[in-house]
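Coordinate analysis (summary)
Here is what each chain is made of, one letter per residue.
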Amino acid sequence: MNSLAQQQASELQWPAVSLPILLVVLALSAFILWRRYRSRRQLVERIIELETLSAAGRAIVAAQLDLRALCQLIADEATNIIDTSTLQIGLFSDHTYEILYWTINGQPQDTPASFNLKNDPGLVGWVRDQKQALLITDFKEEMATLPARPRYESEAPPRSAIFVPLVSGRQVIGMLIAQSDRPKSFSQHDLGQLAILSNQAAAAIANAQIFERERTRASHLELVGQIARQVNAINDLDELLGRVVELTKQTFEFGSVNIFGVEDGSHMIVIQASTIPGLAPGTLRLQFGAGLVGTAVANKATALSNDTHEDRRFHSDELSADTRSEISIPLIVDQVLLGVLDVQSSRVGAFTSQEKTVLEALADQVAIAIHKARRLASQHQQSWVATAQLQVAEAIGRTSDLETLAEKLVRLTAMLTGAESCTILLWEEELEAYRGQAEFGLTDDTDFEGMLISIGQWHALDAAHVGLEPIRSEQAPPWLKTDGRPHQSMLLPLVTKGRSKGIMQLSNRDDGASPSTSKLWPAESQQELLRNIANQTAIAVDSIQLQIAQQEEAWVNTALLQVAEAVNKLTDLNEILYTIVRMVPMLVGVRSCIVLIWDEEQQAYRAGPSHGLSEMGHGLLESFDVDFSEFPLLGRQDVERIGPDAAYYTFKLPEWMVTIMDSQTADVFPLYARARLVGALVVGPALNGRPLSGRRLNIVTGIAQQSAIAVVNDRLYRESAERSRMEQELQVARTIQASLIPDQVPAIAGCDVAGYWQAAREVSGDFYDYMRLADGRWGIAIADVADKGVPAALFMALSRTILRTVAFNRHDPAEVLERTNELIYNDTTSDLFVTVFYAVWDADEHLMTFASGGHNPPILIRRNGQVSLLGADGIALGVIADVTIEQREINLRRGDMVIFYTDGVTEAMNEDYDEFGVERLCLVANSARRGEASEIVSAITAAVRDHAGETPQFDDITLVVLKY
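Residues numbered from 1 in each chain as written. Predicted model: local features only at pLDDT ≥ 70, side-chain atom pairs only at ≥ 80, totals over all residues. Heavy atoms only, no water.

**Some words on the side chain of T423**
The following threshold applies: Helix numbers and strand numbers start at the N terminus; a helix is a DSSP run of H or I with at least 4 residues, a strand a run of E with at least 2. Contact definition: two residues touch when any of their heavy atoms are within 4.5 Å.
Assignment of secondary structure puts T423 in strand β14 (residues 421-428). Apart from the residues within four sequence positions on either side, T423 is in contact with V410, A438, E439, L442, F448, W479, I503, M504 and Q505.

So, in structure tokens, the structure goes:
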């Protein structure tokens, strides 16, 4: 019952419990159905998006490989994804960001923009460096947290933006940027969609860039080939360079194109061709290292700047004010630098690696064309020079006359070089000046031939004469009249064997062009020819002058031989000189000739033989001595010096000599022999009125030398005779003087004595003497006269006589010397004096008493070797009237010795100017003290000879040794 009741009760409650469950089930089913519907819808939308992106990718990939068209297509496809009213697509090149597609608020921007990101990369640079996209929902709210400061180019900056990098491989090649003036216009979903599109776009753009570079490179290389074909057909270098710059500018549409050349011999670069108006060849010069052009030259490598405002190497001037990019490429062939190809553009980043490669290829072609043109021009030049040289050689070979040769050469040289005038001046060695020889092109009133131009008269000529190198000058030569127009001269020294034979001078008047645009004259192509002409001319002139000189030398030698034969037959000087003055007028054609002989004692000239003078003139000449000042032989008055060695002078005669020679001037030939003036040969005016020169001058010079030799020989003969007589007299004097020197050793009680006397000349001023006194004592004297030669010998004889006389009448040595001094001083008037040492030996007392009249103190050497000097006060005899002389004495013991000597012993010198000295004398004497007196003397003299060696001595040597 209960169970039934419970069952019924449960059946009655079930509907109440199952309804909520049913509702939950129904709700769950509805939710599941709704989720399934929503997922299906999202899946459909995702499929639609993927199909859209896939379609956009296929469209981008299938697009033509044109960058700008591709950018337009990418922008169109992006429109299907996000709001693209403000959109830009740009590409990177180094530090430059160039926008290829740009719309702002739906308005396309016609002019693409470029931005330099080097110093301020902004948000674009940050995205490129980080390689990750950037979403900015509101610039105002997020400005403080942005990774970089944005760079706006609009007055109304955007509020939101998406920055998506275009990544190809590992490199960001560009940027896809969407912007809006409303905040929160873009979401992360938009960023993701745009990132997918950018991947496809980056690959397409990279392929398009490769295609465009290759297409452009091929196009440029084709253009390079076209330019090369055109310029290779041009042989003229100036025309070739001008054509290169024009074709390059037209073909590549750059700003300006220039070609620079390297100037020989300097570190300078010179403009040779340019498309810049007003920039003519030669008007712009740069140093190596200056600007991009100088950098390319210095490094021999391309110098490139894609932003010249940021490049310190850029050389700015008024001609390049608009330049923003520049490339300078060296023109090199076989490692030889020919110049520089310089291209400029007003656009930043104008030269990519592709343009650089193409322009370097163009530079190679241009360098080859320039090299070929130069080589061809050189070949033509060499051919022209060879032909011209052949013409010059033929003209020289057919001419043996100097005047004709010069006339032919000036005419031919002027024709070959186009010079207005050509002249040749020959160097006159005797006149130290250039003489005009031949001219071509000068006016009839120009006085050129025979004109003398001395050193210092024309500076350009001085420089050519000293440097022996070609010289350019704008100073008009002395023979041309200046007309105000600029003048150009070229001076070519005619050099052979290192000496100038003359000067070839070419002249041109400037055509009025400014110095900066006028071409260098003579042209470089003519300079080699001119140098060759100058060399050939110098050799020809030297050869002809040598022939002339040989002929003149033969004639002169014949004439001088005739004079020598006539002179050698005579011995009397007057006859010789008379023959000479008669032959001079006949040989050289002068009216008169005079020989003046120099009197050294009277310091005047005395008249010698003369010819061509009137009787009155001859009488006047013999009546006067010619004063030294009247002849300018030693520069006592101004004269015109002719001849490099002052062989003769031309001067104005004094009034009284004008009457004698019937001429205002005369030529004076100094007669020098053995560097001494012995006379003068005075030659009157020539019969033809022309001054002496050439062979006539050589003849007179040779005769003057023979005259000088004759005068000197006569003097030498007289001097020789006088010298022989003097030598005989000196020999007699030496014999007499030697007889005054004791020739035997005296027998002095208890003493061994020896003496030595040697004169430095024929006679001597030294002496020594032994005197036996009345009381059994012995006087010993040694003296030295303060002079040499005959005066000293005479004074020595006088001093010895007086000393001996006084010694026999006086007891004390000091008294003897004082009395001797009194007699010498009172009885002589010469300035000579004598030093004397006088000693008296008393054998009984073993005592030596002595006094010195300023003489060297003798040396006392005791038996045991002890050395001392026997000094005593006193002065030389003959200096003053009254003298006081000290007297001293010493005792000698057995074995002691005293050495008397003159300064010729101690002052004997060797080749090193080292004197023998007292110390050596003491050492030698001491070592020989055990020998006899004569042995000691021999030891001392041998030591002096060994010391002096071969050195000649200038003083007498006198020595006395007394040994007890």
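**Examining unusual backbone geometry**
Across residues other than glycine, the phi torsion is negative in most instances, and most of the peptide bonds are trans. Phi is positive for N105, which is not a glycine, with a value near 55°. Position of N105 among the secondary structure elements: in the loop between β2 (96-104) and β3 (107-108). The backbone phi angle of K131 is positive, close to 60°, even though this residue is not glycine. Structurally, K131 can be placed in the loop between α3 (122-130) and β5 (134-136).

**Digging into the sheet that holds strand β9 (residues 268-274)**
The line we're drawing: For two strands to be treated as a pair, DSSP must find no fewer than two bridges joining them. Axis definition: a line fit to C-alpha positions, over the contact stretch in the case of helices; interaxial angles, taken between N-to-C directions, run 0 to 180 degrees.
Reading across the sheet, the six strands line up as β10-β9-β8-β13-β12-β11 and stay open at both edges, with antiparallel pairing between neighbours. Every other strand in the sheet has two partners, leaving β10 (285-287) and β11 (303-305) as the edge strands with one partner each. The sheet shows a mean angle of 25° between the axes of neighbouring strands, taken without regard to direction. The sheet contact formed by β11 and strand β12 (residues 325-333) spans three bridges and is antiparallel. When the bridges of β12 are listed, A303 appears paired with S328. Contacts from helix α7 (residues 291-299) reach β8 (256-262), β9, β10, β11, β12 and β13 (336-345), with the element oriented near 30° to β12.

**Remarks on a negative patch on the surface**
Put simply, the test is: Only residues whose relative accessible area exceeds 30% and that take part in no salt bridge are eligible for patches, with like-charged residues grouped when within 9 Å of each other and nonpolar side chains (Val, Leu, Ile, Met, Phe, Trp, Tyr) grouped when within 5 Å. For accessible areas, the Shrake-Rupley method is used with a probe of radius 1.4 Å. Any residue's cover is judged against the shown protein chains and nothing else. In what follows, salt bridge is the name for a side-chain nitrogen of Lys or Arg lying within 4 Å of a carboxyl oxygen of Asp or Glu. His is not counted, nor are the chain ends; Lys and Arg add positive charge and Asp and Glu add negative charge. Note on charges: their place is set at NZ of Lys, CZ of Arg, CG of Asp or CD of Glu.
On the surface, D401, E403, E407 and E449 cluster together into a negatively charged patch. Locating E403 in the fold gives a position in helix α9 (residues 402-417).

**Points about helix α2 (residues 67-79)**
Convention followed: Helix span is expected to be 1.5 Å times the residue number reduced by one. Each residue gets one of three labels from its accessible area relative to the maximum for its type: buried under 20%, exposed over 50%, partly exposed in between, using a 1.4 Å probe on protein chains only.
Across its 13 residues, α2 extends 19 Å between first and last C-alpha, which sits within 8% of the 18 Å expected from 1.5 Å per residue. Every buried residue of α2 is listed here: L67, L70, C71, L73, I74, A75, E77 and A78.

**Description of the confidence of the model for the protein**
As a reminder of what qualifies: pLDDT runs from 0 to 100 and stands for how confident the predictor is about each residue.
Here the protein averages 77 in pLDDT, while 79% of its residues score no lower than 70. This model gives residues 512-519 a pLDDT under 50, and the stretch forms seven contacts once residues within four places in sequence are excluded. Taken as a whole, residues 633-645 scores under 50 in pLDDT and shows 31 contacts with residues more than four places along the chain or in a different chain.

**Describing the nonpolar core**
The criterion, for reference: Residue types Ala, Val, Leu, Ile, Met, Phe, Trp, Tyr and Cys, when buried and joined through side-chain atoms within 4.5 Å, form a set referred to as a nonpolar core.
Counting 52 residues, the largest nonpolar core has L817, V834, Y838, M848, L892, F900 and L962 as its most contacted members. Residues contacting M848, with those up to four places away along its chain left out, are A839, V840, W841, R888, E889, I890, L892, V898, F900 and L962. Grouped together as the second largest cluster of nonpolar side chains are 30 residues, L70, L100, I173 and A208 included.

**Re the packing of helix α16 (residues 789-807) against helix α17 (residues 813-827)**
Keep this limit in mind: Just so you know how the angles are binned, under 35 degrees is roughly parallel, over 145 roughly antiparallel, 65 to 115 roughly perpendicular, and the rest oblique. What makes a crossing left-handed is the near helix being turned counterclockwise from the far one by less than a right angle; a clockwise turn instead makes it right-handed.
α17 packs onto α16 with a crossing angle of 135° between their chain directions and a minimal axis gap of 9 Å. Viewed along their axes, α16 and α17 adopt a mutual orientation that is oblique. In the packing of α16 onto α17, the handedness of the crossing is right-handed. Residue-level contacts link F795, S799, I802, L803, V806 and A807 of α16 to V816, L817, R819, T820, L823 and I824 of α17.

**Some remarks on the sheet that holds strand β33 (residues 867-869)**
Within the open sheet, the five strands sit side by side as β27-β36-β35-β32-β33. Their pairing is antiparallel. Of all the strands in the sheet, just β27 (752-758) and β33 have a single pairing partner and so form its edges. Averaged over neighbouring strand pairs, the angle between their axes works out to 15° when direction is ignored. Sheet topology note: the strand β35 (residues 897-901)/strand β36 (residues 957-963) ladder contains five bridges and is antiparallel.

**A closer look at empty space enclosed by the protein**
Leftover empty space is mapped by rolling, across the atoms, a probe with the size of a water molecule. To be explicit about the condition: Think of a 1 Å grid over just the protein atoms. A cavity is a set of points where a 1.4 Å probe fits yet cannot get out, a pocket is an open set with protein on both sides within 12 Å along at least five of seven lines, and lining residues have an atom within 4 Å of a point. Grid points are joined across faces, edges and corners, and a volume is the space filled by probe spheres set on the points.
Using the criterion set out here, one finds two cavities of 30 Å³ or more in the structure. If you add up the space inside the largest cavity, you get close to 160 Å³. Ranked by residues supplied to the lining of the largest cavity, first place goes to α7 with three residues. Considering only enclosed or pocket space, the second largest cavity measures out at about 30 Å³ in volume. Every residue along the wall of the second largest cavity is listed here: L402, L405, A406, L409, I424, L426, Q437, T537 and V541.

**Looking at the packing of aromatic side chains**
Formally: Note on aromatic contacts: the rings of Phe and Tyr and the six-membered ring of Trp form a pair at centre separations within 6.5 Å, being stacked when their planes are under 30 degrees apart, edge-to-face when over 60 apart, and tilted otherwise. Note on criteria: charge over ring means Lys NZ or Arg CZ within 6 Å of the ring centre, with the direction from the centre no more than 35 degrees off the ring normal.
Going through the model one piece at a time under the given rule, you end up with eight aromatic pairs. Where W458 meets W479, the ring centres are 5.7 Å apart and the plane angle is 85°; that geometry is what we call edge-to-face. Of this pair, W458 sits in the loop between β16 (452-454) and α10 (459-467) while W479 is found in the loop between β17 (471-473) and β18 (487-496), placing the two residues 21 residues apart along the sequence. For the residue pair W458 and W479, the accessibility class agrees, reading buried in each case. Put simply, the rings of F448, W458 and W479 touch in pairs and so form one group of aromatic residues. The ring of F92 carries R128 above its face, with NZ or CZ at 5.1 Å from the centroid. Against the face of Y964 rests R894, its NZ or CZ located 4.7 Å from the ring centre.

**Regarding the side chain of N258**
Defined as follows: Definition of a polar contact: a pair of N or O atoms within 3.5 Å, with one able to donate and the other able to accept a hydrogen when the atoms are protein atoms, and with sequence-neighbouring residues admitted only if both atoms are side-chain atoms.
Structurally, N258 can be placed in strand β8. A polar contact is formed between the side chain of N258 and the side chain of S274, at a distance of 2.4 Å. If we skip the residues at most four places from it in the chain, N258 touches V245, I271, A273, S274, T275, I276, L279, V340, L341, D342 and Q344.

**Section: the environment of R435**
Along the chain, R435 turns up in strand β15 (residues 433-440). With relative accessibility at 27%, the residue R435 sits in the partly exposed group. Put simply, R435 and G450 are 15 residues apart on the chain and 5.6 Å apart in space, counted from C-alpha to C-alpha. Beyond its immediate chain neighbours, meaning those up to four positions away, R435 contacts I424, L425, L426, E428, G450, M451 and L452.

**Some points on a nonpolar patch on the surface**
Side chains of L19, L22, L23 and L26 sit close together on the surface and give an oily, nonpolar patch of about 390 Å² of accessible area. Checked against the element boundaries, L22 lands in helix α1 (residues 2-62).

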